[in-house]
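# A closer look at the structure
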Amino acid sequence: MKTFFIETFGCQMNAHDSEKVVGTLLNEGYSQVVDEADAGLILYNTCSIRDKAEQKVFHRLNEYKRMQGEGKKFAVLGCVAQQEGAKIFEKAPYVSMVAGSSSYRNLPDMLARLEAGETRITGLDDRETDQTFDTEFTARTNPHRGYITIIEGCDKFCAYCVVPYTRGKERSRSSASVLAEAQRIAGQGFTEIQLLGQNVNSYVDPSGRRSFAELLAAVGEGNGIQRVRFTTSHPRHFTRDIVEASDAMPALCDHIHLPVQSGSTDILRAMNREYTRDWYLERIAWTKAARRDLSLTSDIIVGFPGETDKDFEDTLTLCDEVGYDAIFGFKYSTRPNTPAIHMADSIPEQVKVERLAILNARQRELQRVNYGRHLGQTMPVMVEHGANARGQITGRSTQNKTVNFTCDHIPAIGSYIDVRITQAFPSSLVGEAVSRSTTPSPVLLAQQALNARVPVLA
Ligand code: 5AD
Ligand code: SF4
């Protein structure tokens, strides 16, 4: 029997890539095991976005070393695989396959070679590939949300970012293929879809049929689809028709993740972000003028080379001005191959730590106010987790806010329920259910039960 175990790190794109890898393996006759000791093939889907990712990967591969000799095979996938390439074989000779995400479409062939006993298989397509990894064999492991990759790769070359080198050039799927997948997902009982791309709103339909905003609307029109989300948007390509599509299409969620990275125009220029503070704030003004209450979230880097106290202050005031509902703050770290590697990493670690702490503390106060505005409101919540130790169920609002609530019955995961908000914290809301929950499709419930027995992804 062919068995595999997969371990996944990184962003939603990576998690969803693993769903596609798992689906491909299942289709090739493998079965998934929960314990790596029972696996004939161990796959490790890696991330290299920040910090010393390569070191962590080699550390983990060293642990795999102990398991050799049991006839096991090892494969390294994802961004570190692409970045380090065949060097991985030198440092970890027991690894037989190294493949970056732009080669996954060749996975069936690579698996056949692995089974034939080859030990130096590489899938390291460079930036030039214009193929996407479309497969109908996707393991749907999230119990309530179906992911669809609509665009792979990135052509933006932000100075700090490794993604354009690890994921290759931008290439979009045809809108017809995206819509066909959306329909398949809806047929599996999912009511929530998240469209994915490192740079999702740079989407260009190869068939020329639909703009990104039109694709959003078309996905939202799908049978049974109640929530459509999309990440990650780039401000440079954020167009007004995206806001208009939200206004017109009830299924589009009230949430836009629009990473600014810095509030200082000088730093944005050094980062090669291709917009200024004012340009960004103009897009924010569009979202605030929308008929719907669009929640905004962001990624922010502190301590980019040359960031002065004034630059950092600009980031703080930008956050005040926008009033984000959440930010993901990161200390700048040097990444291999990126343009910023030639800039001195001039901000001392201690300053980065302090700036991040100041940013997070300031943001927490903004969120205290933002979340407080929901007190007394009643909102539809999609159930994501069963009851915790305090008997609270956890779900999410259309704005992507976590809502913990009590309920006189046990709502199914993936169902919707109206919750009245009685308490607000800086990053979660508390309430009580005021309606009966909806009933998810039996197909979805059956799939959830199957995944619970054999967890496909951690
Ligand atoms: N250092 C710190 N943060 C980074 N990010 C990307 N590259 C780096 C880096 N070298 C952050 C950005 C991006 C998020 C996914 O990770 O904020 O939006
Ligand atoms: Fe990285 Fe910039 Fe591309 Fe985002 S847009 S993946 S930050 S290069």
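Here goes a summary of the coordinates provided. Values in this document were obtained by computation on a predicted structure and should not be read as measured data.

A few words on the overall build of the chain. Counting its regular elements, the chain contains 14 helices and 19 strands. Over its C-alpha atoms the chain spans a radius of gyration of 22 Å, differing by no more than 12% from the 23 Å that the globule rule assigns to 458 residues. Along the first, second and third principal axes, the C-alpha atoms of the chain reach 60 × 55 × 50 Å. In the chain, which comprises 458 residues, the share counted as buried stands at 56%. Only carbon and sulfur atoms are counted for the fraction: they give 51% of the accessible area of the chain, which is about 19,000 Å². Of the charged side chains in the chain, 52 are positive and 56 negative, and the gap between their average positions amounts to 2 Å.

Turning next to the packing of aromatic side chains. Inspection of the entire model under this criterion finds eleven aromatic pairs. Centroid distance phenylalanine 9 to tyrosine 44: 5.7 Å. Interplanar angle 70°. Geometry classified as edge-to-face. Residue phenylalanine 9 is found in the loop between strand 1 (2–8) and helix 1 (12–27), and its partner tyrosine 44 is found in strand 3 (residues 41–46); the two are separated by 35 residues along the sequence. Here the aromatic rings of phenylalanine 304 and tyrosine 332 are separated by 5.3 Å at their centres, their planes lie at 70°, and the arrangement is edge-to-face. With phenylalanine 304 in the loop between strand 13 (295–302) and helix 12 (309–322) and tyrosine 332 in the loop between strand 14 (326–331) and helix 13 (349–372), the pair connects residues that are 28 residues apart, well separated along the chain. Residue classification places phenylalanine 304 among the buried positions, given a relative accessible area of 0%. It is arginine 50 that lies over the ring of phenylalanine 330; its NZ or CZ is 3.7 Å from the centre.

Thresholds, definitions, all that
- Residues numbered from 1 in each chain as written.
- Chains lettered and ligands numbered in written order.
- Predicted model: local features only at pLDDT ≥ 70, side-chain atom pairs only at ≥ 80, totals over all residues.
- Heavy atoms only, no water.
- Helix = DSSP H or I, 4+ residues; strand = E, 2+ residues; numbered from the N terminus.
- Rg over C-alpha atoms; globule rule 2.2 N^0.38 Å.
- Buried < 20%, exposed > 50% of the residue type's maximum accessible area, 1.4 Å probe, protein only.
- Areas by Shrake-Rupley, 256 points an atom, 1.4 Å probe, with all protein chains shown as cover.
- Lys, Arg positive; Asp, Glu negative; His and termini not counted.
- Charge placed at Lys NZ, Arg CZ, Asp CG, Glu CD.
- Phe/Tyr/Trp six-rings, centres within 6.5 Å; stacked < 30°, edge-to-face > 60°.
- Lys NZ or Arg CZ within 6 Å of the ring centre and 35° of its normal.

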